[in-house]
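Spelled out from the first residue to the last, the chains are:
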Amino acid sequence: MIRPTVATVDLAAIQANLRAIQGLLVRESARAPRESSPRIIAVLKANAYGHGASAVGRALEEAGAAMLACADIEEGVALRQSGVTLPILVFGALSVSDLDGIFEHRLTPTVSTPAAARALERAAAARNVQLHCHLKIDTGMNRLGFRHDNLPRTMPEVLGSAHLRIEAVYTHFATADLPESAFLDEQRSRFDRATAALGAMGLRSFTRHAANSAALLRDTRTWYDAVRPGLLLYGIVPPPLAAGDLRLRPALSLTSRIVAVKGLRRGEGTGYGLRWTTDEPRSIAIVPAGYADGLDTRLSGRAAVLVRGRRVPIVGSVCMDMIMIDVTGLDVSPGDEVVLIGRQEDEEITAREMAAAIGSIPWEVTCRLGSRIQREYK
Ligand SMILES: *Cc1c(COP(=O)(O)O)cnc(C)c1O
């Protein structure tokens, strides 16, 4: 049994997006003098941004990603259990985690706090293994990572951890999607200095990575040995940036079906609070998807859906399991397709457009797609 509201995920589009990014990395690297083009660490946290981590992970492995990345150990274990054999980087701080999954499922943890370094060293020593990990440097985001300007104090213990083998060092940009901000350059310089300092402290043969989707688009100098795109893989360009000559295909569409059509008389309203009322007769259609499916309550009055190739507005309050749309003048009946995200005939609504309509960001729109929505893969 399939509910009428379905997220269709085009795995071939995700693979094509990975190859398009690879193509860009190869082309641009050939111009600048570089030893080789950067590899891709494909970011699949939050159930692959709502697209379904197992299917997306296998598709990206097949398409040639070098490594996958996720938020925590549980996500990493789920990826392993879906059959992924690539190395898997765990971004999160692990100071208060049960670390067994790291060892049992061959995950690559991030060392991003002193407490995490100690916990990982203890766990690796107890198992008498060398644990491969990535070291995170905080260059100004002030979230996770060791402060770039405090390494002489913090690094001796980390670098002296006999069971931790640091194979890569990375950082994360706070303002990559703010084109007018010069802080990206500042973070990049701090990262260069920090990695040089680590070399001087004796850390050997490590790779470096820093770029999320926005940085990848903005500045080739952020690429280092690997890049870490998330959003671009799903065919969405981080606002307000443009894709340039990178050709991407949106991977996800969200569709439903009309379940009822009814007439509203002059002076009547629809939905909780009757917040939307009409002073002339109108037709509305009911669509079985609501905020429990991840649709934002602010969509009402601000966003549209596609029916019969036309944009029609969402009216009344977004309910838990339903929305109402104004289909006045259209010949619609129960069963007709409704596109919330995606294409219908010549019209298209993107996740980026939906996010802009409610003052949110496309990452949030796709991540929030509810667990009740079935993912169908093609
Ligand atoms: C989420 C995340 C990324 C990917 O970000 P996008 O903007 O989706 O490309 C890269 N690196 C880290 C550390 C992240 O948390």
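Residues numbered from 1 in each chain as written. Predicted model: local features only at pLDDT ≥ 70, side-chain atom pairs only at ≥ 80, totals over all residues. Heavy atoms only, no water.

Some words on the overall build of the protein chain
For the protein chain, the helix and strand inventory stands at eleven helices and 21 strands. On the principal axes, the C-alpha backbone points of the protein chain span a range of 75 × 45 × 35 Å. Within the protein chain, buried positions represent 53% of all 378 residues. Expressed as a percentage of contacts within the protein chain between residues at least 6 apart in sequence, the contacts between residues at least 24 apart total 66%. For the protein chain, the computed accessible surface area is about 16,900 Å², with 49% contributed by carbon and sulfur atoms. Charge separation in the protein chain, taken as the distance between the mean sites of 45 positive and 41 negative side-chain charges, equals 2 Å. (Helix = DSSP H or I, 4+ residues; strand = E, 2+ residues; numbered from the N terminus. Buried < 20%, exposed > 50% of the residue type's maximum accessible area, 1.4 Å probe, protein only. Contact = heavy atoms within 4.5 Å. Areas by Shrake-Rupley, 256 points an atom, 1.4 Å probe, with all protein chains shown as cover. Lys, Arg positive; Asp, Glu negative; His and termini not counted. Charge placed at Lys NZ, Arg CZ, Asp CG, Glu CD.)

Let's talk about the site of the ligand
Close to the ligand lie Val43, Lys45, Tyr49, Phe91, His172, Asn212, Ser213, Arg228, Pro229, Gly230, Leu231 and Trp363, which account for all nearby residues. Contact between the ligand and Arg228: a nitrogen atom at 2.9 Å from a side-chain N or O atom of the residue. Gly230 places a main-chain nitrogen or oxygen 2.8 Å from an oxygen atom of the ligand. With the chains in place, 92% of the 380 Å² that the ligand exposes on its own is no longer accessible. (Near = heavy atom within 4 Å. Polar contact = N/O pair within 3.5 Å; in protein donor to acceptor, adjacent residues only side chain to side chain.)

Observations concerning the domain arrangement of the protein chain
According to the domain assignment, the protein chain consists of domain 1 (11-234) and domain 2 (252-377). One C-alpha centre belongs to domain 1, the other to domain 2, and the line joining them spans 38 Å. Tallying the contact residues gives ten residues for domain 1 and seven residues for domain 2. For domain 1, the biggest contributors to the area lost against domain 2 are Tyr49, His51 and Leu231; these three give 53% of the whole. Our count for the domain 1 to domain 2 interface comes out at zero salt bridges. Across the contact surface, domain 1 and domain 2 share three residue pairs in polar contact (both at pLDDT 80 or more). Considering each element in turn, the side of domain 1 that touches domain 2 owes the most residues, three residues, to helix 2 (residues 45-49). (Domains from an automatic or database assignment. Buried area = accessible area lost by both parts, 1.4 Å probe. Salt bridge = Lys/Arg side-chain N within 4 Å of Asp/Glu carboxyl O.)

Quick word on unusual backbone geometry
With an omega of 5 degrees, the peptide bond between Pro239 and Pro240 qualifies as cis. Inspection of the secondary structure assignment puts Pro240 in the loop between strand 10 (226-227) and strand 11 (252-257). Its identity is not glycine, yet Ser205 carries a phi of approximately 45 degrees, on the positive side. Tracing the chain through its elements places Ser205 in the loop between helix 8 (183-200) and strand 9 (207-209). Taking the relative accessible area as the measure of exposure, Ser205 reaches 61% and is therefore exposed. Of note in this structure, Leu274 is not a glycine but carries a positive phi near 45 degrees. As for its position among the elements, Leu274 is in the loop between strand 13 (269-270) and strand 14 (276-277).

A few points about the packing of aromatic side chains
Enumeration over the complete set of coordinates arrives at three aromatic pairs. Aromatic side chains Phe91 and Tyr170 sit 6.1 Å apart centroid to centroid with 55 degrees between the ring planes, which places their arrangement in the tilted category. With Phe91 in the loop between strand 4 (88-90) and helix 5 (100-104) and Tyr170 in strand 8 (residues 164-170), this residue pair connects regions lying 79 residues apart in the sequence. Classification of Tyr170 as buried rests on a relative accessible area of 1%. When the ring centre of Phe103 is taken as reference, the NZ or CZ atom of Arg127 above it lies at 4.2 Å. (Phe/Tyr/Trp six-rings, centres within 6.5 Å; stacked < 30°, edge-to-face > 60°. Lys NZ or Arg CZ within 6 Å of the ring centre and 35° of its normal.)

Some thoughts on the pairing of strand 3 (residues 67-70)
Consecutive side chains along a regular strand alternate between the two faces of the sheet. A two-sided burial pattern is seen for strand 3, the buried positions comprising Met67 and Ala69 on one face and Leu68 and Cys70 on the other. Sheet topology places strand 2 (residues 39-43) next to strand 3; three bridges connect them, and they run parallel. Bridge pairing in strand 3 places Val43 opposite Ala69. Here strand 3 runs beside strand 4; their pairing, made up of three bridges, is parallel. Bridged to Leu68 within strand 4 is Ile88. In terms of handedness, the path from strand 3 via helix 4 (residues 73-81) over to strand 4 forms a crossover that is right-handed. (Pairing = 2+ DSSP bridges. Right-handed = clockwise from strand over helix to strand, strands pointing away.)

Quick look at helix 1 (residues 11-31)
Relative to the 30 Å expected for 21 residues at 1.5 Å per residue, helix 1 spans 31 Å between its end C-alpha atoms, a close match to the ideal helical length. Turning to helix 1, its buried residues are Leu11, Ala13, Ile14, Gln15, Asn17, Leu18, Ala20, Ile21, Leu24, Leu25 and Ser29. For helix 1, the capping residue at the N-terminal end is Asp10, with a side-chain oxygen 3.1 Å from the backbone nitrogen of Ala12. (Expected span 1.5 Å × (residues − 1).)

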